[in-house]
Amino acid sequence: MSHLRILLVLLVLVFTPALSELCNPEDKQILLRIKKELGNPSNLSSWLPTTDCCGNWVGVSCATHTQPNRVNVLDLSDLHLRKPYLIPPSITDLPYLQYLYITNSDNIVGTLPPTFTKLTHLRRLHIRFTNVSGHIPDFLSQMKSLEYILLSNSKFSGTLPTWLPSLPKLTGISIEGNRISGAIPDSFGSFSKVFKTMTLTGNRLTGKIPATLGKLDLEIVDLSDNMLEGDASMLFGSKKHTQLIHLTNNKFSFDFGKVGLSKTLKIIEVSNNRLYGTLPKGLLSLNDLRWLNVSHNNLCGEIPQGGGLKYLHESSYAHNKCLCGSPLPSCKRF
Ligand SMILES: *[C@@H]1O[C@H](CO)[C@@H](O)[C@H](O)[C@H]1NC(C)=O
Ligand SMILES: *[C@@H]1O[C@H](CO)[C@@H](O)[C@H](O)[C@H]1NC(C)=O
Ligand SMILES: *[C@@H]1O[C@H](CO)[C@@H](O)[C@H](O)[C@H]1NC(C)=O
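Just so we're clear, the structure is a prediction, and the values are computed from it rather than from any experiment. (Residues numbered from 1 in each chain as written. Chains lettered and ligands numbered in written order. Predicted model: local features only at pLDDT ≥ 70, side-chain atom pairs only at ≥ 80, totals over all residues. Heavy atoms only, no water.)

**Q** Could you clarify how one ought to interpret the environment of His 65 in this entry?
**A** Looking at the element boundaries, His 65 is found in the loop between strand 1 (60–62) and strand 2 (71–77). The spacing of His 65 and Cys 322 is 257 residues in sequence and 61 Å in space, taken between C-alpha atoms. (Helix = DSSP H or I, 4+ residues; strand = E, 2+ residues; numbered from the N terminus.)

As structure tokens, then:
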């Protein structure tokens, strides 16, 4: 090989990465500002002006189809920040962002900035294990592209926003482990057909749950660890497609023997409430049922024997008024 050819090959090798960079230059500048707004954490050391943000940068992905090579995923997780920082304001300048994850960072504090409404393509917003606080802001109601809102294990307070069902594409909410108080709004019965997940566990919710919730066909409903009361039987229903119902640690009170059971149920957790009546008749015919806990209620009658139930521990049934039969002591006959 001539020296010239070797030189050419070297030139190609040196300049190819720069020439083939996919990262949009504006997105790159915005990301570098975000890094600065977080105090240049060492976890973002892969975010370098000289490298391609599409592919080489931790927590950054770019779109391939609709807006090719525009940043559409930003995952700011496990950053190990050394002091408190606000949610970096420049995030809202990424015009094609679809997925935003801010998780496992005690040192992310403050409230959600109103400029979030600029993120008109945002589909998923996850804020989890942070110290972000404040009410769930009303300006989120303008973000019609939102498909999932997860605000968990942070310091959110105030009440549940009544406008949530007005987000047409919303498939679920996980608002858990915060300080949300008050009642579940009546409007929650009007979520669209695509809405399948409602997780509100570990808050300070009180009062009765609205009867309108009976209109929903939820796959997952978790209201556990609140102070809710009254009837929750409308969450059940034989024509629904529910897989998980978790109502543990509330003050719900209704006749459990009368609920309809969807064939798709896998997990039923209702312990530590004030349920009365018997166990529902259809339990034995639930082929997918993997977990049942009805302990600490006021239930009575004989535990159905067989099916998926035969492996359950007695603590799944303990502390009721007069449940009996295996794995509890046998029923006394008169
Ligand atoms: C982030 O930084 C911490 C502490 O410096 C380190 O333990 C962790 O592995 C880093 N994570 C990533 C994804 O670089
Ligand atoms: C975040 O919350 C934790 C737990 O409540 C607290 O110990 C910590 O000091 C908070 N950090 C900041 C930066 O506010
Ligand atoms: C059922 O729930 C009770 C109270 O919440 C708990 O103590 C018990 O361990 C649970 N049983 C099973 C099998 O999970």
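**Q** Please explain the pattern of salt bridges as it appears in this structure.
**A** Side-chain pairs of opposite charge can arise whenever the charged atoms involved come near each other. Taken as a whole and assessed by the stated rule, the structure comprises 6 salt bridges. One salt bridge connects Arg 70 with Asp 27, and the closest N-O pair in it is separated by 3.0 Å. Separated by 43 residues along the polypeptide, Arg 70 in the loop between strand 1 and strand 2 and Asp 27 in helix 2 (residues 25–37) bring together distant segments of the chain. Exposure remark for Asp 27: the relative accessible area of 1% places this residue in the buried category. Residues participating in the shared-partner salt-bridge network are Arg 33, Asp 93 and Lys 118. (Salt bridge = Lys/Arg side-chain N within 4 Å of Asp/Glu carboxyl O. Buried < 20%, exposed > 50% of the residue type's maximum accessible area, 1.4 Å probe, protein only.)

**Q** Explanation requested: the UniProt feature "domain: Leucine-rich repeat-containing N-terminal plant-type" (unreviewed entry) in the chain in the structure shown.
**A** According to UniProt, the positions carrying the feature "domain: Leucine-rich repeat-containing N-terminal plant-type" (unreviewed entry) are residues 25–62. Taken end to end, residues 25–62 is 45% helix and 8% strand, and its two terminal C-alpha atoms sit 12 Å from one another. (UniProt positions renumbered as here; feature names shortened; annotations may be inferred.)

**Q** How do you make sense of the pairing of strand 5 (residues 124–135) when you look at a structure like this?
**A** Regular strands place side chains that alternate from one sheet face to the opposite one. Two elements, strand 4 (residues 99–110) and strand 5, share 8 bridges in a ladder whose sense is parallel. Looking across to strand 5, one finds that Tyr 101 is bridged to His 126. In this structure, strand 5 lies alongside strand 6 (residues 148–152), joined through 5 bridges in parallel fashion. Looking across to strand 6, one finds that His 126 is bridged to Leu 150. (Pairing = 2+ DSSP bridges.)

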